Amino acid sequence: MDKVEKAASSFVDISKLNLTDFRNHSFTSIETDKKFVAFVGRNGSGKTNVIEAISMFSSGKGLRGAQLSEQSNIKGNGGWSIFMEVKTAKGITKLGTGIGSSQMMEGKARQCRVDGKFLKSPREFTNHVGIIWLTPQMDRLFIGQRTDRRKFFDKLVCLIESSHEKNIKDYDRLIMQRNRVLVDMDDKKSWLDKIEKQISKIAANILISRQIATNRLNKIMDAEVKNNLFPSAKIVMREELGDINTRSSMIEIESQLQKLFFQSRIKDRDTFRTNVGPHRTDFTLYYNKNDMYAENCSTGEQKNLLVSVILAEARVYQEINNGISPILLLDEITAHMDNERVSNLFEQIGEIGSQTWLTGTSEHLFDYISDKTDIFNINNGKLDHNGV
């Protein structure tokens, strides 16, 4: 089966999307059968709010990482809801998420459903759809805080290694416990030993998951991405793990980590934080052609490097999901991009087969894909389909 036939038989596309009291959308309903869906309008018109709504069907807080209360329409009743129909070769799956005003006031989590059945957490949406996004805020990723870079790359790892998100959450929780126990560590050494053993086991899994995902992405970028107009790059992890050999066996890594945490107790107690471990890892990209790291590249080059990573992530996701491609959410992706590279980007996405939701300030930005695109003009949360 060639790539075109495989993409035709293995797909996950959004066919319907409803937003109720979400951001500046009182009620918005979108239906499409196209591979590209574009929203055109001025800044602040509500374009990004639409793709943010789709991102709420990923495992976290969506592309803005916002609090639930921040997503409510100020003219609404305090709650919000999003409904989505996902079309596959097997039929339609109905996904829903939202929260009522009373639930929000009580500090409860948002509800998540698939075909009417409640889910334990948004993480279960990933069993039905994979979502990858790129926003203008990420353009400064490599010169910003390393916490943001780590979150970005860990998000990519989660789509490749399904247990990674839970491991990260469990690890962060235990690190906080350890920091509290360190204050009275002379009286709680046995408790500290127990916590550090748990942390070391989870930390080893985090390190290995990152290594597996990084190797797969780097392999794809070397084999595929270098053949297009976006730069060939390599993900580089900068660890703060002392002399630990991350290529050792799982048992050896756990043992080395436990020793590292033990040796760091006094320093960690005095600084009120854990100074070593996977939570201190930084990520960057090495730009092969220019022989430099991403933080030393121009703003345009940094954006192109990020596009390379996103394209590679989509291809890896496709590899491990029987040819099914993820949904791509690309906010203002064509801004400051030359025409040749815009054309090449859409060609690459077409080859991958991902349904892609885009935003922009002008319809002309999508001329290359106008025959494959539903274009909606948007103003203050109101949509008008231009009939393209």
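Residues numbered from 1 in each chain as written. Predicted model: local features only at pLDDT ≥ 70, side-chain atom pairs only at ≥ 80, totals over all residues. Heavy atoms only, no water.

Observations concerning the sheet that holds strand E5 (residues 91-99)
Pairing is antiparallel across the open sheet formed by six strands, whose spatial order is E2-E1-E4-E5-E6-E7. The outermost strands of the open sheet, each flanked by one partner alone, are strand E2 (25-31) and strand E7 (117-118). Looking at chain direction, strand E6 (residues 111-114) and E7 are connected through two bridges and run antiparallel. Residue pairing for E7: Val114 is matched across the bridge by Lys117. (Pairing = 2+ DSSP bridges. Helix = DSSP H or I, 4+ residues; strand = E, 2+ residues; numbered from the N terminus.)

With respect to the packing of helix H9 (residues 299-320) against helix H10 (residues 339-352)
The interhelical angle for the contact between H9 and H10, taken along N-to-C directions, is 10°, at an axis separation of 10 Å. With respect to H10, the element H9 is oriented roughly parallel. Contacts between H9 and H10 involve Asn304, Val307, Leu311, Ala314, Arg315 and Gln318 from the first element and Arg341, Leu345, Gln348, Ile349, Glu351 and Ile352 from the second. Here the residues of the contact of H9 with H10 are counted per class, giving six nonpolar, three polar and three charged. (Axes fitted to C-alpha atoms, helices over the stretch in contact; angles between N-to-C directions. Parallel < 35°, antiparallel > 145°, perpendicular 65-115°, else oblique. Contact = heavy atoms within 4.5 Å. Nonpolar A, V, L, I, M, F, W, Y, C, P; charged D, E, K, R; others polar.)

What to know about the pattern of salt bridges
Per the counting criterion, the structure on display carries 24 salt bridges. With a shortest N-O distance of 2.8 Å, Arg149 and Asp282 are connected by a salt bridge. Placement of Arg149 in helix H4 (residues 146-160) and of Asp282 in strand E10 (residues 282-287) is noted, with a sequence separation of 133 residues between them. A single burial state applies to Arg149 and to Asp282, both of which are buried. For Arg238, the salt bridge identified is with Glu295, shortest N-O distance 2.9 Å. (Salt bridge = Lys/Arg side-chain N within 4 Å of Asp/Glu carboxyl O. Buried < 20%, exposed > 50% of the residue type's maximum accessible area, 1.4 Å probe, protein only.)

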